[in-house]
Structure formats: structure tokens, C-alpha cells
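Secondary and tertiary structure notes
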Amino acid sequence: MTATPRKSGVQTMPAAVITAPGQVEVRELPRPHPGPGEVRIRVHGTGVCGTDLHLLHGHFGAKFPLVPGHEISGVVDEVGPGVRNVREGDPVTLDPNLWCGQCHACQRGLFQHCEHHEALGVTLPGGFAAFAVCPATNVYPAHGLTLDQAAFAEPLGCVAWGMTRLRPRPGASALVFGAGAIGLLLMQGLLASGCSEVTVVDPVQDRLDLARQLGAAHTLRPHDRLREELLDLRPHGYDVTSEATGVPAVVAGLPELTATLGSVLVFGVAPEEATVAIRPYDLFQRDLTVLGSFALNQTVPLALEWLRAGRVNVEPLITHRLPLAGVPDALNMKAHPGLAGAQKVLITPGL
Ligand SMILES: [Zn+2]
Ligand SMILES: [Zn+2]
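Just so you know, these numbers come straight off a predicted model, no measurement behind them.

Calculation criteria
Residues numbered from 1 in each chain as written. Chains lettered and ligands numbered in written order. Predicted model: local features only at pLDDT ≥ 70, side-chain atom pairs only at ≥ 80, totals over all residues. Heavy atoms only, no water. Pairing = 2+ DSSP bridges. Helix = DSSP H or I, 4+ residues; strand = E, 2+ residues; numbered from the N terminus. Axes fitted to C-alpha atoms, helices over the stretch in contact; angles between N-to-C directions. Contact = heavy atoms within 4.5 Å. Donors = N, O, S within 2.8 Å, 3.2 Å for Na, K, Ca; no water. Tetrahedral: all angles 85-135°; square planar, octahedral: opposite > 155°, others 65-115°. Buried < 20%, exposed > 50% of the residue type's maximum accessible area, 1.4 Å probe, protein only. UniProt positions renumbered as here; feature names shortened; annotations may be inferred. Salt bridge = Lys/Arg side-chain N within 4 Å of Asp/Glu carboxyl O. Domains from an automatic or database assignment. Buried area = accessible area lost by both parts, 1.4 Å probe. Polar contact = N/O pair within 3.5 Å; in protein donor to acceptor, adjacent residues only side chain to side chain. Nonpolar A, V, L, I, M, F, W, Y, C, P; charged D, E, K, R; others polar. Arc of directions from axis to C-beta. Parallel < 35°, antiparallel > 145°, perpendicular 65-115°, else oblique.

A few words on the sheet that holds strand β11 (residues 197–201). A sheet is described by the order of its strands in space; here six strands give the open sequence β12-β11-β10-β13-β14-β15, paired in parallel fashion. Each edge of the open sheet is held by one strand with a lone partner, namely β12 (218–220) and β15 (289–292). Put simply, the sheet's adjacent strands are angled 15° from each other on average, direction ignored. Pairing analysis gives five bridges linking strand β13 (residues 238–243) to strand β14 (residues 258–266), with the strands arranged parallel. Paired with Ser-242 across the two strands is Leu-265, which belongs to β14. Against the sheet, helix α4 (residues 181–192) engages β10 (173–177), β11, β13 and β14, with an angle of about 165° to β11.

Right, let's talk about the coordination of the zinc ion (ligand 2) for a bit. Binding of the zinc ion (ligand 2) to the protein goes through Cys-100 (SG), Cys-103 (SG), Cys-106 (SG) and Cys-114 (SG), at separations of 2.3 to 2.4 Å. Bound by four donor atoms, the zinc ion (ligand 2) shows angles of 102 to 119° at the metal and therefore tetrahedral coordination geometry. In the primary structure, the donors to the zinc ion (ligand 2) are separated according to the pattern C-x2-C-x2-C-x7-C. Cys-106 shares its class with Cys-103; the two are buried.

This next bit is on the UniProt feature "domain: Alcohol dehydrogenase-like N-terminal" (unreviewed entry) in the protein. Under the UniProt annotation, "domain: Alcohol dehydrogenase-like N-terminal" (unreviewed entry) lies at residues 35–142. Between the end C-alpha atoms of residues 35–142 the distance is 22 Å, and the span holds 6% helix and 32% strand.

So, about the pattern of salt bridges. Taken as a whole and assessed by the stated rule, the structure comprises 10 salt bridges. Among the ionic pairs, Asp-239 bridges to Arg-169, the shortest N-O distance being 2.8 Å. Linking Asp-239 in strand β13 with Arg-169 in the loop between α3 (153–166) and β10, this pair joins segments that are 70 residues apart in sequence. Asp-239 gets classed as buried once you look at its relative accessible area, which sits at 17%. In this structure Arg-169 comes out as partly exposed when scored by relative accessible area, which is 49%.

Turning next to the domain arrangement of the protein. We note that the domain assignment places domain 1 (12–152 + 314–347) and domain 2 (159–292) within the protein. Computed from C-alpha coordinates alone, the two centres of domain 1 and domain 2 are separated by 29 Å. Regarding the contact of domain 1 and domain 2, the summed buried area is about 900 Å², with carbon and sulfur atoms giving 64% of it. Ranking the residues of domain 1 by area buried against domain 2 places Pro-316, Leu-317 and Gln-343 at the top, with a combined share of 51%. Applying the counting criterion to the domain 1 and domain 2 interface returns zero salt bridges. Where domain 1 meets domain 2, there are two residue pairs in polar contact (both at pLDDT 80 or more). Among the residues making up the side of domain 1 that touches domain 2, the classes are represented as six nonpolar, three polar and one charged.

This brings us to the coordination of the zinc ion (ligand 1). Bound to the zinc ion (ligand 1) on the protein side are Cys-49 (SG), His-70 (NE2) and Glu-71 (OE), at distances that span 2.1 to 2.4 Å. We classify His-70 as buried; its relative accessible area is 4%.

Note on helix geometry: an α-helix contains 3.6 residues per turn, so any two residues three or four positions apart are oriented the same way. Among the residues of helix α6 (residues 226–233), Leu-226, Leu-230 and Leu-231 are the ones counted as buried. Within α6, the buried residues cover an arc of 130° as seen down the axis, which keeps them to one side. Those residues of α6 that are buried lie in contact with β10, β11, β12 and β13.

A separate point is the packing of α3 against helix α9 (residues 300–308). Interhelical geometry of α3 versus α9 gives an angle of 105° and a closest axis separation of 8 Å. Taken together, α3 and α9 sit at an angle that is classed as roughly perpendicular. Residue-level contacts link Ala-153, Leu-156, Gly-157, Val-159, Ala-160, Met-163 and Thr-164 of α3 to Val-300, Leu-302, Ala-303, Leu-304, Trp-306 and Leu-307 of α9. Tallied by class, residues from the contact of α3 with α9 come to 11 nonpolar, two polar and no charged.

In the numbering used here, UniProt assigns the "domain: Alcohol dehydrogenase-like C-terminal" (unreviewed entry) feature to residues 181–307. Taken end to end, residues 181–307 has its terminal C-alpha atoms 15 Å apart, with 39% of it in helix and 21% in strand.

It is worth spelling out the side chain of Asp-282 at this point. Mapping Asp-282 onto the fold places it in helix α8 (residues 280–285). For Asp-282, a relative accessible area of 15% puts it in the buried group. Other than its neighbours up to four places away in sequence, Asp-282 contacts Asp-287 and Leu-288.

Have a look at this one:
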């Protein structure tokens, strides 16, 4: 899609804009220009994520109008003065999280916890547009990958941060609840990090079939005797238990499925106010570790290594490609997971 110059000569571009809670429309916006140290990308594809749905409903402090989309790949279109890492024509992916470098968290290397955090597609214009502008510090060359693969750098970077936190013991057994796109990235990240086998639980059979295809050892649908069935498979429990569901009841059930000296990795985004009951005695008596994992922190390079090495396979996760006008449909699929058989929906402005 080419932007149409206005009479004034100002170049424009199409973008999907959230104009008010629950309202998305395609508009022509001024085409952004890269300033010093910035890069402009012609967007190839931007993955749709649960965060985009939260933003649509005005959560996460969303300010409208907003161009969402933070899982972005594309080709460098123009570079501002002082950019050294990429040049025009390079295939790239972005880490959408911008940090100040000066705050308490940044000075300790916890960039995703920056007190002045901004992010493309969350607080700044994102990837549901023909072009996006980003600091060169957040742009990673994606040579050797398809641009479809490169669009997974952000969600896979979150998995890479989780694995950096978890450091699974070589040969560990793992259990993952949730076989949506993130769950299947998490499953593959566990295998790429030395786990010997991963068991995956999800109510949707198609997702379980894909989990198998991507390396799951066992797949189960939830039912009344799920706990017993999981413990039949591994009577001493799983070295790693995790979830990509955000469902508090799922998190609550993880400790009792975790082996002695094992770890519970809370990976999904639960409702902020949700609480769960766990037995502190279990954590104490069985030497359990409970870990959280928030966003990503300089882990795009690891994600790109996994992709280049074929350790993580993302192309089968793409179930839909939609143009900018398809953003409302894509968000609706996100709101009703499993309904449309959707895994990762890629918004492709060039369609
Ligand atoms: Zn995301
Ligand atoms: Zn900071």
C-alpha cells in the first residue's frame, strides 16, 4: 500500500487507530520521520497480542488516539543521523520497549522496569501502520530470517527472559498450561533451554495437535481427573510447571504438580487484583521456587538465535494474515480465543 501525498505535499500513511475505548478505524496519518539516532521501518508484519486487546478496552493506562501493535518486523526505510547498526534495506525486528537509562531500575540493568517506560504500540505509535519509527538501540538486524519469523522477536524475547530467569536444569521435565501462541513459544523455549520433555494442557484439540507437531511429549485436555492423569504421567511431579493462561486457578494448581526442588514459572498475565491460595508448607517442605517473568530484557538476540538455529519454529503459529482494515476482526479473534482457530494473527499493512 502506498501512502497518498496530500495537496500540501505532506506524505501520509495508513494506520489502524484506536480512537476511543472499543473503537478502531483506519486513518491516514502523517508519515513519521526518523530523528537523530532513529530508524524508520516499512512494516512487513505486526503480530496481534493480548496487550492490544487490553489497550482497546482502555487498560494499561492507554491514551487515545493510539496506533497499537508492538510485535513488529519490517525493512529499514530511512535512517536518521548517527545510526550505526542498520542501513536502508536491512530486514529488522524491534524491541518495542524504550527505557530512559537513568532511573533506579535502568541503572541496575532492569530495563523493562524503567520508571519512565514507553513502548511502541502501547504509549507511542506502533506497528499497525505502514511505517514505524524507533530508536536504533531497539532495532535488530534480522538477516537469515524471514520477516514473518522476525515478527516473533518480541513475544519470543519474553520467553527468552523467562528462560534466563528460570535456567531449567538440564534434562528437566516441564508442564505448560495453555497452547495459544505464547504457550507454544514457551514450550519450545523450554525445550531449547535443555528440558527433556514438555507436557501441554489446553482445552482446544487443534492447539494440542500443533503442540505435538512442535515437540510436546504429551498433550491433555482439562477434565475432572486431569490432576491424577498428570501425576500418572510423572508420579513425582514436573521439575518445571508453568502457564500461559493468566488464569489464577491454573496458577493455584501448579505447586502440587511440581517436583521436589522444582520451579513454578508464572508467565501468563493474570488479572491485577486476582489472588490464589497456596500452602506455604508445600513451598517450604518441598524446596519449591516460584518465579515471575515480566516482559523482556535485552533478550531479542537470544530469540533471534533460536529462530536462526531452527530451535523455535514460529511459522506454523501464523493462522491469519489481515490488512490494516482487519484489525477489528483480529482483536475480536483475540477476545474469543479458540473460536476462530486463531493462533498468531499477523497484521500486514502491505496487503
Ligand atoms: Zn505482545
Ligand atoms: Zn529508566
